[in-house]
Every structure is written in C-alpha cells, then in structure tokens.
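# Understanding the architecture of this molecule
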Amino acid sequence: MAEQFTPDELKLEPCKYEYLDHTADVQLHAWGANLTEAFEQCAIAMFGYMTELQTVEIKQSAEIVAEGDDLESLLFHFLDELLFLFSCEPFLICSKVKITEFKTGDEYRIKCKCYGEEFQLGKHPQGTEVKAITYSAMQIIEEPEQNKAQVFVIIDI
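Quick notes on the rules
- Residues numbered from 1 in each chain as written.
- Predicted model: local features only at pLDDT ≥ 70, side-chain atom pairs only at ≥ 80, totals over all residues.
- Heavy atoms only, no water.
- UniProt positions renumbered as here; feature names shortened; annotations may be inferred.
- Helix = DSSP H or I, 4+ residues; strand = E, 2+ residues; numbered from the N terminus.
- Salt bridge = Lys/Arg side-chain N within 4 Å of Asp/Glu carboxyl O.
- Buried < 20%, exposed > 50% of the residue type's maximum accessible area, 1.4 Å probe, protein only.

For the rest of this paragraph, the subject is the UniProt feature "domain: Archease" (unreviewed entry) in the chain. In the numbering used here, UniProt assigns the feature "domain: Archease" (unreviewed entry) to residues 17–157. What you have in residues 17–157 is 23% helix and 44% strand, and the ends, taken at the C-alpha atoms, are 18 Å apart.

Following this line, the structure appears as structure tokens:
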C-alpha cells in the first residue's frame, strides 16, 4: 500500500542554497532563518547535485537520526546519513527534508524525516555522484539577532 502524505508533507520549501566552485569538488552553501532550516537546505542542496529535484515526486519517506560531538560533527553525520540513505537499496532520492528534532548543548542530535522516491535512471537525470562529505573548510555561521544561519560544506565528487 502506498504511503499517504498530508498537504504540508507534499509542499516543497523554497530554494535557499547555491553551489560554489571548489578545486575538484563542490562547496554547498545553504542558509535559513535558523540552523535547522540551514541544515535542511544543505541536505536538499546535496540531493539537488545528484539529480534535478523537480523530477523527484514524494512517494515514500524515511527517518534518520544523526548524532555528533559538536555542530560540525552533527552536520557531517547528518549529511552522511542522508548520503547512506541514497546509497543503499532502494536508493531514496529526496526532494524534501524536515528536521523534527534538533538538539545542541549537552547532546548534539538530529531526527529527520526525508521525502522522495526511489532513484530511477529513466526518470531522474543523473547528476554528479557524491562520494563523501568532508570537514574541509566546513563553516557554520549563526546570527540569531538577524534571524540568519549559514552553512558551508565541501562534498567529495
């Protein structure tokens, strides 16, 4: 039986990311009103580098949990878990990522629901393979007084 989704689950967020040139790799730059939104946008940017997201329908979902020792390791493990989700059967490519829990302080933990469908070559244009997430030049900038957060992550392609 096919999963049923609410209208909110089917609604895609506006694009708040860009790709920056980097020697032999690519740098994801994502932003939002807070760290939760910036992390979500960074995840979508990664999936967008793999295929054209407008071709991805929301037909199934998955949940992931990521933990870290600080914000940088949390971001790294979050993206790594999403990359693993894509890399194993059924190759889930996501067009929407919604963080449902974002803990920092004593514990660094993210719970996330991912929405998309199985990657199919005939339907989804093949973008660039993402081999790994890196810590190289990773930046997390939070400016709560301006309702702004940014993340920069280099992915190995």
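The next point concerns the pattern of salt bridges. One pass over the full model with this rule turns up 8 salt bridges. Measuring nitrogen to oxygen at the nearest pair gives 3.7 Å for the salt bridge that ties K59 to E117. Highlighted residues: K59 in the loop between α2 (35–50) and β3 (60–68) and E117 in strand β5 (residues 108–118), separated in sequence by 58 residues. E117 sits in the buried class, given a relative accessible area of 1%. Where salt bridges share partners, they join E57, K59, E117 and K123 into one cluster.

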